[in-house]
Each structure stands twice: as C-alpha cells, then as structure tokens.
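Residues per chain, in single letters:
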Amino acid sequence: MLRGTWYISPTPFAEGGEVDTAGLERIVAAAASWGVDGITILGVMGEAADLTAAERETVLSTVAAAARGKVPFAVGCSAPSAAIVAANARRAAEAGAAAVMVSAPPLLKDTDQIGAFYKGIASELPVIVQDEPAATGVTLPVSALLAALDAAGSTVVKLEDPPTPPKIGRLLAQRPGLTVFGGLGGVSAYSELRRGAAGTMTGFAYPEILRAIRLAYEAGDTAGAARINDRFLPYLVFEGQVRVGLGIRKEVLRRRGVIATARTRALTPLPDAATLAELDDVLARVGLTPAIEPLQVSP
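Model, not experiment: these values are computed from the prediction. (Residues numbered from 1 in each chain as written. Predicted model: local features only at pLDDT ≥ 70, side-chain atom pairs only at ≥ 80, totals over all residues. Heavy atoms only, no water.)

(A) Expanded view of the overall build of the chain. Assigned secondary structure in the chain consists of twelve helices and eight strands. A compact globule built from 299 residues should have a C-alpha radius of gyration of about 19 Å, and the chain, at 18 Å, falls within 12% of that. Judged by the C-alpha coordinates and their principal axes, the chain covers about 50 × 45 × 35 Å. When each of the 299 residues of the chain is scored for burial, the buried share is 55%. Counting contacts in the chain only where the partners sit at least 6 residues apart, residues at least 24 apart contribute 69% of the total. Looking at the chain as shown, the accessible area adds up to about 12,300 Å², and 53% of this sits on carbon and sulfur atoms. Separation of charge centres in the chain, based on 28 positive and 30 negative side chains, amounts to 3 Å. (Helix = DSSP H or I, 4+ residues; strand = E, 2+ residues; numbered from the N terminus. Rg over C-alpha atoms; globule rule 2.2 N^0.38 Å. Buried < 20%, exposed > 50% of the residue type's maximum accessible area, 1.4 Å probe, protein only. Contact = heavy atoms within 4.5 Å. Areas by Shrake-Rupley, 256 points an atom, 1.4 Å probe, with all protein chains shown as cover. Lys, Arg positive; Asp, Glu negative; His and termini not counted. Charge placed at Lys NZ, Arg CZ, Asp CG, Glu CD.)

(B) Structural context of the sheet that holds strand 1 (residues 4–8). If you walk around this closed barrel you meet the eight strands as 1-2-3-4-5-6-7-8, and the pairing is parallel. Ignoring which end each strand starts from, the neighbouring axes of this sheet average 25° apart. By the bridge criterion, four bridges tie strand 4 (residues 99–103) to strand 5 (residues 127–131) in an arrangement that is parallel. If you follow Val 100 over to strand 5, its bridge partner there is Val 127. (Pairing = 2+ DSSP bridges. Axes fitted to C-alpha atoms, helices over the stretch in contact; angles between N-to-C directions.)

(C) Local environment of helix 2 (residues 53–67). Helix length check: helix 2, at 15 residues, gives a terminal C-alpha distance of 21 Å against a target of 21 Å (1.5 Å per residue), a fit within 8%. Check the buried side of helix 2 and you find it contacts helix 1 (21–33), strand 2 (38–41), strand 3 (73–76) and helix 3 (82–95). Just beyond helix 2, the residue with positive phi is Gly 69, at close to 80°. (Expected span 1.5 Å × (residues − 1).)

(D) Local environment of the side chain of Thr 202. You can see Thr 202 is positioned in strand 8 (residues 199–202). Reaching out from Thr 202, the side chain makes a polar contact with the backbone nitrogen of Gly 185 at a distance of 3.0 Å. Beyond its immediate sequence surroundings of up to four residues, Thr 202 is in contact with Trp 6, Tyr 7, Ile 8, Gly 183, Leu 184, Gly 185, Gly 186, Leu 210 and Arg 249. (Polar contact = N/O pair within 3.5 Å; in protein donor to acceptor, adjacent residues only side chain to side chain.)

(E) The arrangement of the packing of helix 2 against helix 3 in detail. It is the contact of helix 2 with helix 3, at a shortest axis distance of 10 Å, that shows an interaxial angle of 25°. Relative to helix 3, the element helix 2 lies roughly parallel. The element helix 2 and its partner helix 3 pack so that their crossing is right-handed. Within the contact between the two elements, helix 2 uses Arg 56, Glu 57, Leu 60 and Ala 64 and helix 3 uses Asn 88, Arg 91, Ala 92 and Ala 95. Looking at the contact of helix 2 with helix 3 residue by residue, the class counts come to four nonpolar, one polar and three charged. (Parallel < 35°, antiparallel > 145°, perpendicular 65-115°, else oblique. Left-handed = near helix turned anticlockwise from the far one by under 90°. Nonpolar A, V, L, I, M, F, W, Y, C, P; charged D, E, K, R; others polar.)

(F) The arrangement of the pairing of strand 7 (residues 179–182) in detail. Of the two faces of strand 7, the one carrying Thr 179 and Phe 181 and the one carrying Val 180 and Gly 182 are both buried. Inspection of the sheet shows strand 6 (residues 156–159) paired to strand 7 by four bridges, in the parallel sense. Its bridge partner being in strand 7, Val 156 is matched across the sheet by Thr 179. With helix 7 (residues 164–174) bridging strand 6 and the parallel strand 7, this β-α-β connection has right-handed handedness. Note that strand 7 and strand 8 share two bridges and pair parallel. Each residue of the ladder has a partner; that of Gly 182, found in strand 8, is Thr 200. The β-α-β motif built from strand 7, the intervening helix 8 (residues 189–194) and the parallel element strand 8 has right-handed crossover chirality. (Right-handed = clockwise from strand over helix to strand, strands pointing away.)

Right, here's the structure in full:
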C-alpha cells in the first residue's frame, strides 16, 4: 500500500479564512479520480503548523469520512515532542488512517538523539519517516535516517533533502528493500526512480503526470518516462518554487475546479499579477488546460 503516487493535500480555506470542508471533500474525490495510490494530509503542504487544534481535527475528520472506501490516507503527525506526536498518531489511528508521517523535531542539534525520539512515538500505524530539512532545520545523514527507521520499526522514507536522487541511492545502498518516496514537488521524480524510489509523495497539482512517469518507468519504458518528464518539466519547476509554490499549487487547483480559493495562511496569501501571468505562460507552453477531469498522459 505504501508505494506509488501519493498526493499531499493542501488545506483549503474559504474567503473568510476558515477551513473549507467542502473543498477538502472535493480534493479527496478528485485525487481518487486522478488515480493516486493514497492521500497525505496535515503535512507542510497542508500548512499544519498554522492550524489550530480544532482546525486540525476538522481536516482529519473530514478527510477520513470522504476517503472511506475510496483511497487510503496518511496523516502528518510531526511535533516538537514525541508525546505530542504519539497523541496525534493515536488520533490518526482512531480516524482510520493507513499510516502516519513524522519528521525530526525542529532544530534538533544532536542527531544521535533521533532514535530515542522516534522510539517514543510508539505508533500502532506504519510510520513514514520524513526527511525534510527545509521545514525542520535538521539535516539527517543516512546513518541517522536508518536509526530513525529502526527505532520506529519502519521501512518507509519520504526523502526531501536535495539533491534527492544521490541520497536515495546512498540510503538504498545501505538498506536495500526500503520504500523511499521522492517529494519536493516531483521536480526530480524521474531521476529518483532511476535511483530506486518507489514513487512520489508530493502536493504537485497534476499527480497524473507523476503517476504516468512512474508507470512508464516501472513497465520498462524508460525512454517514455523521460519524454513525459521532459515535456512537463518547465511546469514542474515553476510550481515547485520556494515560498510561492504553495500559492501557485492552490491557484492551479482552483482553476481545476477543486477548491474555491487559493488562500494560504502565509503573509502573502495569493500569487501576484506577475506570477499569475507567468503561470498562464508555462501552462500554455506545456499544453495544460486546468480541468477537474483526470489528465490523460501518454509517452
């Protein structure tokens, strides 16, 4: 179950700034129709750090109900202390989650402590160890990642420490058989597959593209996978920009008819006019016309 093309859901907000539960339900339905293998909520893409406890519960309960019988979901449970992570993980299990995703505690100075942190989680669900230094301020060497996996009893990593392909290669050389998801918007998805990744777990607004790259590669059509990657790479790079990428993704989801607004909780909540003009340009260049219907992609 924990492999393939997983979609990280944003948290949609209504015009008044509150969580848009109808938008969450549409995200789940749309992602299932796009052929994803699972949905991850309450991660960095979901702006989990900017949600109140009540809003977090709203997101979890809404997605749990909408996903039931349609698609498995994982829950981001990261927090500064193992006790809070454990509580989040228990609630995720109660809601019917398939797995929990946990990153290192923010600004951890001594990575030798990482094993003790993950052991303290004691989750009854499979744990996805998230390697995300941009969000945590913690860079985990391969040895620390392996210690975290062992402590959590896990074999699954979401690796987002750039450049991701070489680190995926080093990790799998040390521990063959691990399931490693690429992230970072799918910008390096093709190269990650070449290094042994089992798929992607990212909030890229067209997961059908990442799915098509993976399916072609897994079928042995590496040339076809490369052609799909190269066709859409300008858009992958544009959407994957630091800081403004979330707003761009939400704007594209709005244009696809999935969410009502592109609002975020950031200080600059919407893409500016210049960014929107550039978005129009790159979508036209790669031949994408946003729509909620599944994008048909072939090599």
